[in-house]
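Structural description and commentary
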Amino acid sequence: MMEASYTDFLAEDFARDPWFREWIVGQHREADVFWREWMKTHPGKQQEINRAVALLRTLEVPLHRLSSREADQAIADTLRKIRESDTIRIPGRPAWTTIAMRYAASVMLLIGLALVLGRFYWNGSRGTDVTDAVPAGEWIVAANHGNTPKNVVLPDGSEVLLDPAASLKYHPDTSTGERVTYLEGSAFFKVTRNPSKPFLVYTDDLVTKVLGTSFRVNTRAGVKQTVVSVVTGKVAVSPRAPLDGLQAEPVVLLPNQEIVYKDGSLQPGKALVEIPEMLPDLKARKFVYEDIAIGRVFDELEAAYGIRIRYDKELLRNCQVTATLGDEPFKEKLDLVCKSIRASFEETNGEIVISSRGCNY
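First, a word on scope: everything that follows refers to the structure included in this document. (Residues numbered from 1 in each chain as written. Predicted model: local features only at pLDDT ≥ 70, side-chain atom pairs only at ≥ 80, totals over all residues. Heavy atoms only, no water.)

1. Observations regarding the nonpolar core
Soluble, globular proteins show a tendency: their nonpolar side chains are buried together. Counting 27 residues, the largest nonpolar core has Ile 294, Phe 298, Ile 309 and Ile 354 as its most contacted members. Where this core is concerned, the elements lending two or more residues are strand E16 (287-293), helix H7 (294-305), strand E18 (320-325), helix H8 (330-340) and strand E20 (351-355). For this core, the element with the most residues is H7, which contributes 6 residues. Here Ile 294 is in contact with Leu 316, Cys 319, Gln 320, Val 321, Val 337 and Ile 341, once residues within four sequence places are set aside. (Core = buried A, V, L, I, M, F, W, Y, C linked by side-chain atoms within 4.5 Å. Buried < 20%, exposed > 50% of the residue type's maximum accessible area, 1.4 Å probe, protein only. Helix = DSSP H or I, 4+ residues; strand = E, 2+ residues; numbered from the N terminus. Contact = heavy atoms within 4.5 Å.)

2. Focus on the packing of aromatic side chains
Taken as a whole and assessed by the stated rule, the structure comprises 16 aromatic pairs. With a centroid separation of 6.3 Å and 15° between ring planes, the pair formed by Tyr 6 and Phe 14 is classed as stacked. Side by side, Tyr 6 and Phe 14 carry an identical accessibility label, which is buried. The exposure class of Tyr 6 is buried, given its relative accessible area of 1%. The residue whose ring lies beneath Lys 169 is Trp 139, and the NZ or CZ to ring-centre distance is 5.4 Å. In this structure, Lys 169 is placed above the aromatic ring of Tyr 182, and the distance from its NZ or CZ to the ring centre is 4.8 Å. (Phe/Tyr/Trp six-rings, centres within 6.5 Å; stacked < 30°, edge-to-face > 60°. Lys NZ or Arg CZ within 6 Å of the ring centre and 35° of its normal.)

3. Quick notes on the pattern of salt bridges
Counted by the stated rule, this structure contains 8 salt bridges. With a shortest N-O distance of 2.5 Å, Arg 179 and Asp 156 are connected by a salt bridge. Remark: Asp 156 occurs in the loop between strand E2 (150-153) and strand E3 (159-162) and Arg 179 occurs in strand E5 (residues 179-184); sequence separation between them is 23 residues. (Salt bridge = Lys/Arg side-chain N within 4 Å of Asp/Glu carboxyl O.)

4. Examining the packing of H7 against H8
Packed helices, taken two at a time, are described by the angle their axes make and the gap between the axes. Taken N-terminus to C-terminus, the directions of H7 and H8 make an angle of 175°; their axes are 11 Å apart at the nearest point. As summarised for this structure, H7 and H8 are arranged roughly antiparallel, according to the angle between their axes. The segment H7 lies against H8, with Ile 294, Val 297, Phe 298, Leu 301 and Tyr 305 engaging Phe 330, Lys 333, Leu 334, Val 337 and Cys 338. Its residues assigned to classes, the contact of H7 with H8 comprises 9 nonpolar, no polar and 1 charged. (Axes fitted to C-alpha atoms, helices over the stretch in contact; angles between N-to-C directions. Parallel < 35°, antiparallel > 145°, perpendicular 65-115°, else oblique. Nonpolar A, V, L, I, M, F, W, Y, C, P; charged D, E, K, R; others polar.)

5. Describing the sheet that holds strand E1 (residues 140-143)
Pairing in this open sheet of 7 strands is mixed, and the strands run E1-E4-E5-E7-E8-E11-E12 from one edge to the other. Both edges of this open sheet fall to E1 and strand E12 (251-253), since each of them pairs with a single strand only. Taken pair by pair, the neighbouring strands of this sheet meet at an average axis angle of 20°, ignoring direction. Strand direction decides the pairing type here: E5 and strand E7 (residues 199-202), joined by 4 bridges, are parallel. Looking at the pairing, Thr 181 lines up with Val 201 of E7. (Pairing = 2+ DSSP bridges.)

No statement about biological role is implied by the geometric values presented.
Encoded structure:
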């Protein structure tokens, strides 16, 4: 079907169109690209699109989420009202007008059923809920259909670097209490600090809340895995849905820490990212020591990388080190320093723990 003909479509026309249905309930990549671009150039059709989506979503409602009696009653009421609309006759109106009105009434009643079942949403992309407080048509969807990362600047000045095939939904109104975004795919966020308006990133499984920081969210739909890793600042990560019936406490991540959500649960504990990076404002820092207390070396590495290093200060108070540390990765620096005093280290819950017998031998 040619694109031009879609401009005259109503909700029921969209719902009947195979190409449109492929976008909403299918897995067709080309359909997703086509309809996202089409919506950008035809914003006046948003209301009809919303109604068509509601109709299609209603047809895939999982009724088992309601009790048998509730589901039966909701469906019975809807069907009864649709049957009643079939008896409406308007003198002097052609038959097609009555049919059209009846079909429109049916669509609206089905939308009502969708509301009853808690499934009425417009997301601009598959699999993301929309807050009821914001009209669907006001959301903006930025998508990366290219082969290289795409930079998106949000209304508050925050920047998001979208990976290929990723998309981000956000709202242009910055006067609300929170800055809410919805991410599909992977992206790097550099958030403008504003303590009075927390920045939220929703994925299928997680909610990441920040005030002002930079971090990365990696999603792998094929294995149902999401990884949140922090570069600067601090974020709180929590599952969108309760785990085992209980709402989990948010996990707070600091620089160079990450957490993995996989197969419906948060993996045990926080972890360090594979290759920790120095904090941006300390990247020019040099580590040159001559007969310096080992505690000072650990403290300066901790400050440079934002990674907590735990050690027994009393046990190591007589340990000194002479070393020049350059561009070595964090763990290699730590290994060199530890070996100089015959100590070792291990990673525990996103932190470093030093083990040593001291330097009194």
